[in-house]
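A structural walkthrough
Residues per chain, in single letters:
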Amino acid sequence: MCGIVGVTGVSKALPYLLQGLQKLEYRGYDSAGVYLTDGAGQDAFIKEKGRVSQLAAKAEKNGFEGTAGIAHTRWATHGNVSIENAHPQKSADNRFYLVHNGVIENYQELKDIYLNNVTLVSQTDTEIAVQLVAKFAAEGMTTEAAFRKMISLLAGNSAYGFLLIDQQEPETLYAAKKKSPLLVGLSDHGNAVTSDATAMIDLTKEFIDLQDGDLAIVKPDQVTIYDEQEQKVDRPSFTLTIDPEDTDKGAYPYYMLKEIDEQAVVTRKIAGHYFGENGELQGIGCAITDKMAEADRLYIVAAGTSYHAGLVGKRYFEQWANLPTEVHIASEFAYDQPKLSDKPFFIFLSQSGETADSREVLDNIKKQGYPALTIANVMNSTLTREADFALPLLAGPEIAVASTKAYTAQILVQAILASALGEPGFDLKAELAKVAVEIQAITDEKEVFQQIAADALTDQRSAFYLGRGLDAAVALEAALKLKEISYIQTEGFAAGELKHGTISLIEEGTPVFALLTQSKTAGLLRGEVAQVAARGAKTFIFASKDLAKEGDAFVLPQVQELLMPLLAVIPAQLIAYYATLARDLDVDRPRNLAKSVTVQ
Ligand code: F6R
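Figured I'd write up the structure that's included with this text.

Quick notes on the rules
- Residues numbered from 1 in each chain as written.
- Predicted model: local features only at pLDDT ≥ 70, side-chain atom pairs only at ≥ 80, totals over all residues.
- Heavy atoms only, no water.
- 1 Å grid on protein atoms, 1.4 Å probe; cavity = no way out; pocket = protein on both sides within 12 Å on 5 of 7 lines; lining within 4 Å.
- Points joined across faces, edges and corners; volume = space filled by probe spheres on them.
- Helix = DSSP H or I, 4+ residues; strand = E, 2+ residues; numbered from the N terminus.
- Nonpolar A, V, L, I, M, F, W, Y, C, P; charged D, E, K, R; others polar.
- Near = heavy atom within 4 Å.
- Polar contact = N/O pair within 3.5 Å; in protein donor to acceptor, adjacent residues only side chain to side chain.
- Areas by Shrake-Rupley, 256 points an atom, 1.4 Å probe, with all protein chains shown as cover.
- Core = buried A, V, L, I, M, F, W, Y, C linked by side-chain atoms within 4.5 Å.
- Buried < 20%, exposed > 50% of the residue type's maximum accessible area, 1.4 Å probe, protein only.
- Contact = heavy atoms within 4.5 Å.
- Salt bridge = Lys/Arg side-chain N within 4 Å of Asp/Glu carboxyl O.

The subject of this paragraph is empty space enclosed by the protein. It is the rolling of a water-molecule-sized probe over the atoms that shows where space remains empty. Scanning the entire structure with this criterion turns up 2 cavities of 30 Å³ or more. A volume near 100 Å³ is recorded for the largest cavity. For the lining of the largest cavity, the elements supplying multiple residues, two or more each, are β4 (68-74), β6 (96-103) and α4 (125-138). At 3 residues, β6 tops the list of elements feeding residues into the lining of the largest cavity. The residue inventory of the lining of the largest cavity, partitioned by class, reads 3 nonpolar, 10 polar and 2 charged.

Right under this line is the structure:
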């Protein structure tokens, strides 16, 4: 979603800020802006709707590069997409410039109480915040005190990452955060503030992760951090281990294709991390397994693709570890908590570790004293920090908005965790080695899926994915992949449920993809495919080798049946990719979507 970058004390601020914004583009945004200053009274304030490249063109035309500045990509929440609503927002006296991630819940109330005589130019909650800082400064407060006072007025539930510049102290950045990530970047040739460390790797790899309630004052050669109690604190810095190449597309036309292809390597990486040379499990502390073993029920909480991965993981925890497991959509659980068992244990699944819906649930259940584990791709994220335990997904940066390798990684880590608590009944490590080989084999056959996408989806407005059991869970993910990037309305369906209403949607030529990897229900599923075919559907069966029949559209290599979701999802990812490409759409950045959904 929104992204923040800021630098001070560099020779040229603009290139760092624009490169930073470009690195944040994948998170989703609809406008961008930058404020630059040089410490000698010159400044520039440029905002644009649309892409960062459009902002860059405008900024380069302006020519001013500055030695300090703040910049932002905005994903509209309060107020439509417009130049006025883009950040930075500035105060009416042109003294303060502010960028903000998050939502100020009581902004209307603050406006009514404090800003009656200020003419606002935007519809944003952020403008209220910057006008408040200006008001308090005009009343005689220092910038630090005015910034603090504004923050103290925000309703308890407000989430924020703020970065402020006072034109009268042009080399100082004021940063503050709560429930929204913000880091300070340290280097010998200038310092930085960013909502995502990868955005600043061209300047530095050394970062301090600000904690909730922190306020940081960042100067070219000095960083001072105060905690929530306004006490000076020393926060440890860490070195980002990411290789800049991990965030590059390399020879790939789109990140999504690169990330689909990476799934074989990710599988090996996860197995290598969690299994020792002799097959012994490692990397999952006994503290986690002991706590889970005490539980009488697991509650997996997640959103979107991660929720779909949870539906697969449920099977491993129930079947191998004998632990009853419920899987919940975070945004529902947050406000309609079901009746819990006596000893619940929570698992939060998340690629980003920042999803606001999941964070809300984690907050709630922590207040009730229940233990929680977060399994996330971004370690050090809010969900990993705030849960009792955290395990890494190790998928590497996932840049395309549509999640692919994080989904398979989530299934893999859940399988390994379940095997630590129980008994899969086969050699999981050896089987995962086979899974990696077979994922590679499927991704090597891209032209097959490109052809299927061309045959089935060129002119279609709707499509279906069907399955039973684990295949029904994968069908949900397959449908989400196709609809979110190609805009073809696609339903993922438990095939047995079709005849109870939805089959009436099937018409001549409707594409229906069936995932057929579960032996118990293979016959029934073939029957359901025949029923839709008899009503005109264009059907494609993706069957596992042991269950395949002549005429199936693709034969998936055979691995242990419970691990088949790891293979069955790959054709769906590739079909979504090629169908989207054929429609000439931006595969990596679908409309209206953000990579990290940090608002509820
Ligand atoms: C879809 C997708 C989303 C995310 C969801 C949760 O391709 O990526 O559905 O899975 O927004 O995000 P995380 O996993 O970051 O909590």
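The next point concerns the site of the ligand. Taken together, the neighbourhood of the ligand is formed by 14 residues, with Ser306, Ser350, Ser352, Thr355 and Glu484 sitting nearest. At 2.7 Å from an oxygen atom of the ligand is found a main-chain nitrogen or oxygen belonging to Gln351. Considered on its own, the ligand offers 400 Å² of accessible surface; in the complex 90% of this is hidden by protein. Among the secondary structure elements, those contributing two or more residues to the shell around the ligand are α9 (304-319) and α16 (470-486). With 3 residues, α9 is the largest single contributor of residues to the shell around the ligand. Each residue belonging to the shell around the ligand can be placed in one class, and the counts come to 4 nonpolar, 8 polar and 2 charged.

Attention shifts here to the nonpolar core. Formed by 94 residues in total, the largest nonpolar core has its most connected members in Ile347, Leu417, Tyr465 and Leu563. Among the elements that make up this core, the one with the highest residue count is helix α18 (residues 565-582) (12 residues). Those residues within four positions of Leu563 in sequence are excluded, and the remaining contacts are Tyr316, Trp320, Ala415, Phe426, Leu428, Glu431, Leu432 and Val435. Core analysis: the next-biggest nonpolar cluster, separate from the first, contains 31 residues, Leu36, Ile46, Phe207 and Leu240 among them.

Take Thr172: it is sitting in the loop between β7 (159-166) and β8 (173-178). Along the backbone, Thr172 and Val81 are 91 residues apart, and their C-alpha atoms lie at a distance of 29 Å.

On to the layout of surface pockets, then. Its volume calculated, the largest pocket comes out at about 920 Å³. Along its surface, the largest pocket is lined by 36 residues, and Thr198, Leu240, Asn377, Val378 and Met379 are the ones closest to its centre. Here the residues of the lining of the largest pocket sort into 14 nonpolar, 12 polar and 10 charged. In this structure, the second largest pocket encloses a volume near 490 Å³. Ala303, Gly304, Ala594, Lys595 and Val597 are the residues nearest the centre of the second largest pocket, which is lined by 25 residues in total. Of all elements in the fold, only α9, β18 (344-350), α11 (356-367) and α16 reach the threshold of two or more residues within the lining of the second largest pocket.

Let's shift gears to the pattern of salt bridges. This structure, assessed with the given rule, holds 26 salt bridges. Of the charged contacts, one joins Asp166 and Arg95 as a salt bridge, the two residues approaching to 2.9 Å between their closest N and O atoms. Here Asp166 is found in strand β7, whereas its partner Arg95 is found in the loop between β5 (89-90) and β6, with 71 residues between them in sequence. Looking at Arg95, the relative accessible area reads 17%, which means it is buried. Here Glu139 and Lys135 are joined by a salt bridge, their closest N and O atoms 2.9 Å apart. Of the residues examined, Glu139 reaches a relative accessible area of 53% and is grouped as exposed. What makes Lys135 partly exposed here is its relative accessible area of 27%. Salt bridges linked by common partners bring Glu25, Arg51, Asp586 and Arg589 together as one network.

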